[in-house]
Amino acid sequence: YLTLSLVTLFLPLLLDVQGASMGVTVGLAKVRFPAPVPVGSRLRGGGRIVAVEEAKGGVQVTVRITVEAEGTEKPVCIADTVSRFFP
């Protein structure tokens, strides 16, 4: 879960929402841990938007964040984050 907590660090670095006065984290739609994180590993995160839907008074965005550890073949965490943004 320590690796999962880093998703909140990567998300604002990857997603720039313009025209919104407020954003709210709804939660996680799906989380997987395909590989363990070796002790002392350097981690990096990447992401892509997988869904955008209208929500009550705003827009709901699902972003798939992939966390990778240096020197591993598989990602160490894949999480679908769900956020809502309001004008």
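Residues numbered from 1 in each chain as written. Predicted model: local features only at pLDDT ≥ 70, side-chain atom pairs only at ≥ 80, totals over all residues. Heavy atoms only, no water.

J.: Can you help me understand the sheet that holds strand S4 (residues 77–86) in this one?
T.: The 4 strands lie next to each other as S1-S4-S3-S2, forming an open sheet whose pairing is antiparallel. In the strand order of this sheet, the two ends are held by strand S1 (22–32) and strand S2 (43–55), each with one partner. Here the average twist between neighbouring strands, direction ignored, is 20°. Examined bridge by bridge, S2 and strand S3 (residues 58–69) share 12 bridges and lie antiparallel to one another. Paired with Gly46 across the strands is Thr66, a residue of S3. Helix-sheet contacts for helix H2 (residues 7–14) involve S2, S3 and S4, and the interaxial angle to S3 is about 115°. (Pairing = 2+ DSSP bridges. Helix = DSSP H or I, 4+ residues; strand = E, 2+ residues; numbered from the N terminus. Axes fitted to C-alpha atoms, helices over the stretch in contact; angles between N-to-C directions. Contact = heavy atoms within 4.5 Å.)

J.: Quick question: what am I supposed to make of the side chain of Thr3 here?
T.: Structurally, Thr3 is set in helix H1 (residues 2–5). You can call Thr3 buried: its relative accessible area is 13%. Residue contacts for Thr3: discarding those within four places in its chain leaves Val37, Val67, Val76 and Cys77. (Buried < 20%, exposed > 50% of the residue type's maximum accessible area, 1.4 Å probe, protein only.)

J.: Where do I start with the packing of aromatic side chains in this structure?
T.: The geometry of an aromatic ring pair comes down to the distance between the two centres and the angle between the two planes. Scanning the model with the defined rule gives 1 aromatic pair in all. When the ring of Tyr1 is compared with that of Phe33, the centres are 6.2 Å apart and the planes differ by 75°; the resulting orientation is edge-to-face. Note that Tyr1 is positioned in the segment before H1 and Phe33 in the loop between S1 and S2, a separation of 32 residues in sequence. Exposure remark for Tyr1: the relative accessible area of 78% places this residue in the exposed category. A relative accessible area of 42% places Phe33 in the partly exposed class. (Phe/Tyr/Trp six-rings, centres within 6.5 Å; stacked < 30°, edge-to-face > 60°.)

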